[in-house]
Amino acid sequence: MKTYRKELWFNLPTRRGFVNITDTLQKCVDESGIKEGLLLCNAMHITASVFINDDEPGLLRDFEIWLEKLAPEKPYDQYYHNVGENNADAHLKRTIMGREVVIAITDGKLDLGPWEQVFYGEFDGMRRKRVLVKIIGE
């Protein structure tokens, strides 16, 4: 069995945002040389997420609006966590959107559904954060 590990780094200029990382993950599969196996991709920060969905601008905007309704950023004093920080909403948003994805690799390609794309979700940006890519297989 072979293994591959890589860290991806992100620094979004906004507090919140989504980045399609599907092509980057496929490049990792290509670099690994693994043809059959599994790819794990997870955010290494508790205010960021990795998730799979459709890459449609309206849907991404819907996520932003929906998440803001569920865990509004302001007023900051609505959260017990916000003592010296103002990112409690980002922790909640990450919990909703998830920490990681696991994707099958078949014949050297990410085995995704027809509309599935992989995203990095940022909920407390404007600083460097990393995402782990770990691939195992043959």
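Refer to the structure above for everything that follows.
As a starting point, this report considers the structure included with it. In this text the structure is predicted, and so the values were computed from the model without any measurement.

**Quick look at the pattern of salt bridges**
And then number 1: Enumeration over the complete set of coordinates arrives at 14 salt bridges.
And then number 2: For the salt bridge of Arg15 with Asp89, the shortest nitrogen-to-oxygen distance reads 2.5 Å. Here the residue Arg15 occupies a position in the loop between strand 1 (2-10) and strand 2 (17-20), and Asp89 occupies one in helix 3 (residues 88-97), the gap between them amounting to 74 residues. Considered together, Arg15 and Asp89 belong to a single accessibility category, that of buried residues.
And then number 3: Where Glu68 meets Lys93, a salt bridge forms, and the shortest distance between an N and an O atom there is 2.7 Å. Here Glu68, found in helix 2 (residues 57-70), pairs with Lys93, found in helix 3; they are 25 residues apart in sequence, far enough to count as distant.
And then number 4: Residue classification places Lys93 among the buried positions, given a relative accessible area of 0%.

**Digging into the packing of helix 2 against helix 3**
And then number 1: For the pair helix 2 and helix 3, interaxial distance at closest approach is 10 Å and the crossing angle is 120°. With respect to helix 3, the element helix 2 is oriented oblique. Once helix 2 is placed against helix 3, the crossing between them reads as right-handed. On the side of helix 2, the interface is formed by Phe63, Trp66, Leu67, Glu68 and Leu70, while helix 3 contributes Lys93, Ile96 and Met97.
And then number 2: Its residues assigned to classes, the contact of helix 2 with helix 3 comprises 6 nonpolar, no polar and 2 charged.

**A look at helix 1 (residues 22-32)**
And then number 1: Taken residue by residue, helix 1 has Thr22, Leu25, Gln26, Cys28, Val29 and Ser32 as its buried positions. On an axial view of helix 1, the arc spanned by its buried residues comes to 150°, and they lie on one face. Exposed residues lying more than 90 degrees from the buried face of helix 1 are Asp23 and Lys27.
And then number 2: Within two residues after helix 1, Gly33 carries a phi angle of roughly 75°, on the positive side.

**A few points about the packing of aromatic side chains**
And then number 1: Going through the model one piece at a time under the given rule, you end up with 6 aromatic pairs.
And then number 2: Judged by centre distance (6.3 Å) and plane angle (75°), the rings of Phe18 and Phe123 are edge-to-face. Of this pair, Phe18 sits in strand 2 while Phe123 sits in the loop between strand 7 (116-122) and strand 8 (129-137), placing them 105 residues apart in sequence.
And then number 3: For the cation-ring pair, Arg128 lies above Trp9, with the distance from its terminal atom to the ring centre recorded as 4.0 Å.

**Section: the sheet that holds strand 2**
And then number 1: Pairing within the open sheet is antiparallel, and its 3 strands lie in the order 2-7-4. The open sheet has two edge strands with one neighbour each: strand 2 and strand 4 (48-54). Along the sheet, successive strands turn relative to each other by an average axial angle of 35°, direction set aside.
And then number 2: By the bridge criterion, 7 bridges tie strand 4 to strand 7 in an arrangement that is antiparallel. Within strand 7, the residue paired with Ala48 across the bridge is Glu122.
And then number 3: Across the sheet, helix 2 lies against strand 2, strand 4 and strand 7, angled at about 135° from strand 4, the strand it touches most.

Criteria and cut-off values
Residues numbered from 1 in each chain as written. Predicted model: local features only at pLDDT ≥ 70, side-chain atom pairs only at ≥ 80, totals over all residues. Heavy atoms only, no water. Salt bridge = Lys/Arg side-chain N within 4 Å of Asp/Glu carboxyl O. Helix = DSSP H or I, 4+ residues; strand = E, 2+ residues; numbered from the N terminus. Buried < 20%, exposed > 50% of the residue type's maximum accessible area, 1.4 Å probe, protein only. Axes fitted to C-alpha atoms, helices over the stretch in contact; angles between N-to-C directions. Parallel < 35°, antiparallel > 145°, perpendicular 65-115°, else oblique. Left-handed = near helix turned anticlockwise from the far one by under 90°. Contact = heavy atoms within 4.5 Å. Nonpolar A, V, L, I, M, F, W, Y, C, P; charged D, E, K, R; others polar. Arc of directions from axis to C-beta. Phe/Tyr/Trp six-rings, centres within 6.5 Å; stacked < 30°, edge-to-face > 60°. Lys NZ or Arg CZ within 6 Å of the ring centre and 35° of its normal. Pairing = 2+ DSSP bridges.

Just distances and angles here, no functional claims.
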